[in-house]
Amino acid sequence: MSLLDVRGLVKYFPVRKGVFGRVVGYVKAVDGVSFSIGENEVFALVGESGSGKTTTARCILRLIEPTRGEILFMGRDVTKLKGRELKWYRRNVQAVFQNPFLSLNPRMKVKDLVAEPLKVYRDQAQDVERAVEEHLEMVGLPREVGERYPLELSGGQAQRVAIAKAIILRPRLVVLDEPTSALDVSVQAQILNLFLDLKKELKLSYLLITHDLSVVKYVSDWVAVMYLGRIVELARTEELFENPLHPYTLALLSSIPGTKKAKWKRIELAGEPPSALNPPKGCRLRPRCPLAFEKCHEEPQLVEYSKEHWVSCWLY
Amino acid sequence: MLEVRGLHVSYYTLGGVIRAVRGVSFRVSPGKGLCIVGESGSGKTTLGLAIAGALPPNARASRGSVRIDGANILELGPEDLERVRGSLVSMVFQDPAASFNPLFTIGQTLGDIARHKLGLAERSEAREAALAALRRVGMPDPERVLDAYPHELSGGMLQRVAIAAAILPRPKVLVADEPTTMLDVTLQYQILKLLNRLKETLGLALVFITHNLGIAAEVCEDILVLYAGHMVELGPTDKVLEEPLHPYTQALIECIPRIDRGPGRLKPIPGSMPDPRRLPGGCVFHPRCPHVMDICRERDPRPVALDKRVVSCLLYNGEKGGAR
Ligand SMILES: Nc1ncnc2c1ncn2[C@@H]1O[C@H](COP(=O)(O)OP(=O)(O)OP(=O)(O)O)[C@@H](O)[C@H]1O
Ligand SMILES: Nc1ncnc2c1ncn2[C@@H]1O[C@H](COP(=O)(O)OP(=O)(O)OP(=O)(O)O)[C@@H](O)[C@H]1O
Ligand SMILES: [Mg+2]
Ligand SMILES: [Mg+2]
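**Considering the overall build of chain A**
Line of reasoning, step 1. When its secondary structure is counted, chain A shows ten helices and twelve strands.
Line of reasoning, step 2. Compactness check: chain A gives a C-alpha radius of gyration of 21 Å against a globular reference of 20 Å for 316 residues, within 12% of the reference.
Line of reasoning, step 3. Overall size of chain A, expressed as C-alpha extent along the three principal axes, is 65 × 55 × 40 Å.
Line of reasoning, step 4. Out of the 316 residues in chain A, the part that is buried amounts to 54%.
Line of reasoning, step 5. Expressed as a percentage of contacts within chain A between residues at least 6 apart in sequence, the contacts between residues at least 24 apart total 65%.
Line of reasoning, step 6. Accessible area for chain A stands at about 14400 Å²; split by element, carbon and sulfur atoms hold 51% of it.
Line of reasoning, step 7. Taking the average location of the 46 positive side-chain charges in chain A and that of its 38 negative ones, the two points are 5 Å from each other.

Right, dumping it as structure tokens:
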């Protein structure tokens, strides 16, 4: 059974205008997204800026209400959870974001930051101090860092603190939203290794949001490629890189620097992504797609192309 | 022709002197590109600013020279510098929004540059020059863009406009400091192609700053690797990427995720960048170097010419084991 099931997720943000805040339209940030994450699996969401990755994550984390759709965690409908059940959910689903300094209270010492979730979710009986020490060690920080404040840390150290804080309650799923985009290359490599180690050690699952396909290649089991609020391709990671199908996926792969000799078909998109306020009718990529044809004025569905590989494009 | 020789740049701060660039030398010919790579804090931006004659007031180029067609930028007074900026050397930054005044339309901003730098007094002439620059960077619908305000344009479009503004006064050298870092990969690719084309058609000497070695391969003939302000390796892009000589270059290449590798663990560079106020003695990279020798703790390596490039590492410094 899968750990998390997202079914037909939709999130529209109303756009208001004038003194009365009349709704003049909707930003269709997420427009019918479905996927599942299994136990101890890494599921990556990739796609251009504004494609709805963070909005999907925020719905899952219950930071915002979805407009429509279901989110099931271990079979339970997340959007309907209240009280103790909601608390149980929040303990089991944690998050790490791009900028650790924004999520760490600058006035608290590292050891108190890491201990905070324990204090919120458990009785005081357990040895908080020891747990904090253990977890600092687990994320590769020396014990003395516990006495420091966030602003006295480097970007990589601060991200490690955010990770320690996220895993101390032993969640089942950790949402990682661009967790290494703000870090230097060498530090990124360290943090990605840490994610792999923790996944193995703690049997974690991750929802990894990134725009870097090469990162996906190293750490993810599954990839979904998003474009303007929709998943256009979804596959096992090795299958996606072996046999990329959707023109948008091909364009993403083609724009990775230093891949001139790669075996996949090189595709260049015309222009820039259109606004999610007024997505094109039919296939949303059509205005930019060099392979578009008559049929693309109709909307394609995500269909199974081969085993563990789905694509939403009239070419297939 | 851009020629940098023995350049040293320091920042004077309350916490002490930061030697951000220490002895960097290279050349870039018209129509060619040089990429500066290195970790955060290695001195890339400082070097770029020195070339563009745009160092902040607390910085000083204490030694060396930066010559563009013979003229040393570092010796110019404030007035000459102002004149030279744009017409001899221009710079493009990571965040295009920060380089535009939000109260002016793109047409006003570009028109101003045309008037001041090209001496086009007529309003219509200035507008024509602005339009030409926008067309040159492949801007769709340039007339409409002239009347737009910066916030009405997307990041990718704004970066195109910033490049148009930079090339408008017809500089000889263009310094681009991480111009694609804030853009999506597909837009990133479009901008790289644009810079490549401009460099060739306008005969620009391009200095491209990035921490992404993959990008270096797309736009530049040569790569300069900086570590803690020191030039560790300089040479043709394919040589440096395929057979790096310096242990730092090797480690930097190894730690970057590559689409043709994985799954599995990555290889970070051990340790971290030193505090710029307390650089280690001897070779600055020795505390993190997998090939460290006793001599590396004592002696500063001199740059040596080897296999079509320049490398600063005691592994290649004569006495110890000859040229290998
Ligand atoms: N609170 C909000 N109100 C209105 N519109 C929003 C809100 N949050 C997001 N949006 C819009 O929804 C769309 C999807 O945004 P989202 O942040 O999910 O994209 P993303 O894929 O995470 O992009 P990025 O890679 O830039 O982080 C965008 O058009 C964005 O402007
Ligand atoms: N205005 C300044 N005053 C004092 N020190 C500075 C100033 N600007 C940069 N530095 C210091 O000079 C060194 C080199 O900085 P620089 O910005 O050139 O590095 P960089 O390679 O461009 O890094 P990044 O990849 O983070 O942009 C760093 O140690 C930095 O802290
Ligand atoms: Mg996002
Ligand atoms: Mg910089």
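That shown, we press on.
**Some remarks on the site of ligand 2**
Residues and elements named next belong to chain B.
Line of reasoning, step 1. Around ligand 2 lies a shell of 15 residues, among which Ser40, Gly41, Lys44, Thr45 and Thr46 are the nearest.
Line of reasoning, step 2. One of the backbone nitrogen or oxygen atoms of Gly43 is found 3.0 Å away from an oxygen atom of ligand 2.
Line of reasoning, step 3. One of the side-chain N or O atoms of Asn58 is found 3.1 Å from a nitrogen atom in ligand 2.
Line of reasoning, step 4. Elements represented by at least two residues in the shell around ligand 2 include exactly β1 (2-13), β2 (16-28) and α1 (44-51).
Line of reasoning, step 5. Ranked by the residues each element gives to the shell around ligand 2, the list is headed by α1, at three residues.

**Quick notes on the packing of aromatic side chains**
All names here are of chain A.
Line of reasoning, step 1. Under the criterion given, the structure shown has ten aromatic pairs over all chains.
Line of reasoning, step 2. Ring plane angle 70 degrees and centroid distance 5.5 Å describe the contact between Phe195 and Tyr206, whose orientation is recorded as edge-to-face. Here Phe195 is found in helix α7 (residues 185-202), whereas its partner Tyr206 is found in strand β8 (residues 205-209), with eleven residues between them in sequence. Each member of the pair, Phe195 as well as Tyr206, carries the same accessibility label: buried.
Line of reasoning, step 3. On the numbers, 5.5 Å between centres and 80 degrees between planes, the contact of Tyr305 with Tyr316 is edge-to-face. Of this pair, Tyr305 sits in strand β11 (residues 303-306) while Tyr316 sits in the segment after β12 (309-311), and the two are eleven residues apart along the sequence.
Line of reasoning, step 4. On the accessibility criterion, Tyr316 (35% relative accessible area) is partly exposed.
Line of reasoning, step 5. Through pairs of rings, three or more aromatic residues link up here, namely Phe73, Trp88 and Tyr89.
Line of reasoning, step 6. When the ring centre of Trp88 is taken as reference, the NZ or CZ atom of Arg76 above it lies at 4.1 Å.

**What about the sheet that holds strand β2 (residues 22-38) of chain A?**
One key point about sheets: their strands pair by backbone hydrogen bonds, in either a parallel or an antiparallel sense.
All names here are of chain A.
Line of reasoning, step 1. Here we have four strands laid out as an open sheet, ordered β2-β1-β4-β5, and antiparallel in their pairing. Two strands close off the open sheet at either side, each with one partner strand: β2 and β5 (76-77).
Line of reasoning, step 2. Inspection of the sheet shows strand β1 (residues 2-17) paired to strand β4 (residues 68-73) by five bridges, in the antiparallel sense. Bridge pairing links Val6 to Ile71 in β4.
Line of reasoning, step 3. Sheet contacts for helix α1 (residues 53-60): β1, β2 and β4; angle to β1, the most-contacted strand, approximately 115 degrees.

**As for the side chain of Asp184 of chain A**
Line of reasoning, step 1. Note on placement: Asp184 of chain A falls in the loop between β7 (173-177) and α7.
Line of reasoning, step 2. No salt bridge is formed by the buried Asp184 of chain A; its nearest oppositely charged neighbour, Lys44 of chain B, is found at 6.2 Å.
Line of reasoning, step 3. A polar contact of 2.7 Å, which involves the side chain of Asp184 of chain A, links it to the backbone nitrogen of Ser40 of chain B.
Line of reasoning, step 4. If sequence neighbours within four positions are ignored, Asp184 of chain A has contacts with Glu39 and Ser40 of chain B.

**Overview of the domain arrangement of chain B**
Residue and element names in this part refer to chain B.
Line of reasoning, step 1. Looking at chain B, the domain boundaries give domain 1 (2-88 + 171-316) and domain 2 (98-170).
Line of reasoning, step 2. Taken over C-alpha atoms, the centre of domain 1 sits 29 Å from the centre of domain 2.
Line of reasoning, step 3. If you look at the interface, domain 1 gives 19 residues, while domain 2 gives 13 residues.
Line of reasoning, step 4. Carbon and sulfur atoms make up 67% of the surface buried where domain 1 meets domain 2, a total of about 1200 Å² over both sides.
Line of reasoning, step 5. Summed over the shared surface of domain 1 and domain 2, the result is one salt bridge.
Line of reasoning, step 6. In this structure, Lys117 and Glu82 form a salt bridge, with 3.8 Å as the shortest nitrogen-oxygen distance.
Line of reasoning, step 7. Among the secondary structure elements, those contributing two or more residues to the side of domain 1 that touches domain 2 are α2 (78-87) and α7 (185-202).

**Remarks on the sheet that holds β7 of chain A**
Residues and elements named next belong to chain A.
Line of reasoning, step 1. With respect to topology, eight strands assemble into an open sheet ordered β6-β7-β8-β3-β9-β10-β12-β11, the strand pairing being mixed. Only two strands of the sheet have a single neighbouring strand rather than two, namely β6 (93-96) and β11. Neighbouring strand axes in the sheet, compared pairwise and without regard to direction, differ in orientation by 25 degrees on average.
Line of reasoning, step 2. Sheet analysis places strand β3 (residues 42-47) next to β8, joined by four bridges and oriented parallel. In the strand pairing of β8, Val42 is matched with Tyr206.
Line of reasoning, step 3. Across the sheet, helix α2 (residues 83-92) is in contact with β6 and β7; its angle to β6 comes to roughly 45 degrees.

What counts as what
- Every chain is numbered independently, its residues counted from 1 as its sequence is written.
- Both sets of labels track the order of writing: A upward for chains, 1 upward for ligands.
- pLDDT decides what is reported in this predicted model: residues at 70 or higher carry local features, side-chain atom pairs at 80 or more are listed and counted, and totals for whole chains, interfaces and linings draw on all residues regardless.
- With hydrogens and water set aside, each side-chain value is computed from the structure's full complement of heavy atoms.
- Going along the chain from the N terminus, every DSSP run of H or I of four or more residues is numbered as a helix, and every run of E of two or more is numbered as a strand.
- Radius of gyration here uses only the C-alpha atoms, and the compact-globule reference equals 2.2 Å multiplied by the residue count raised to the power 0.38.
- Relative accessibility thresholds used throughout: buried, under 20% of the residue-type maximum; exposed, over 50%; partly exposed, between the two (1.4 Å probe, protein chains only).
- Only heavy atoms enter the contact rule, under which two residues are in contact if any of them lie within 4.5 Å.
- Accessible areas in this description were obtained via Shrake-Rupley with a 1.4 Å probe; residue shielding takes into account the shown protein chains only.
- Working convention for charge: Lys and Arg count positive, Asp and Glu count negative, and His plus the chain ends are omitted.
- We put the charge of a Lys on NZ, of an Arg on CZ, of an Asp on CG and of a Glu on CD.
- Proximity criterion: a residue is near a molecule or strand once any of its heavy atoms comes within 4 Å of it.
- Two N or O atoms form a polar contact when they lie within 3.5 Å of each other; inside protein one atom must be a possible hydrogen donor and the other a possible acceptor, and for residues adjacent in sequence the pair counts only when both atoms belong to side chains.
- Pairing of aromatic rings covers Phe, Tyr and Trp, the last counted by its six-membered ring, and requires centre-to-centre distances within 6.5 Å; plane angles under 30 degrees mean stacked, over 60 mean edge-to-face, and any other angle means tilted.
- Think of it as a cone above the ring: NZ of Lys or CZ of Arg counts as a charge over the ring if it is within 6 Å of the ring centre and within 35 degrees of the ring normal.
- Paired strands, in this sense, are two strands between which DSSP finds at least two bridges.
- In this analysis, axes come from line fits to C-alpha atoms, helices being fitted only over the stretch in contact, and the angle between any two N-to-C directions falls in the range 0 to 180 degrees.
- Any carboxyl oxygen of Asp or Glu that lies within 4 Å of a side-chain nitrogen of Lys or Arg is treated as forming a salt bridge with it.
- Boundaries between domains were set according to an automatic or database domain assignment.
- The term buried area means the drop in 1.4 Å probe accessible area that two parts suffer when joined, counted for both and summed.

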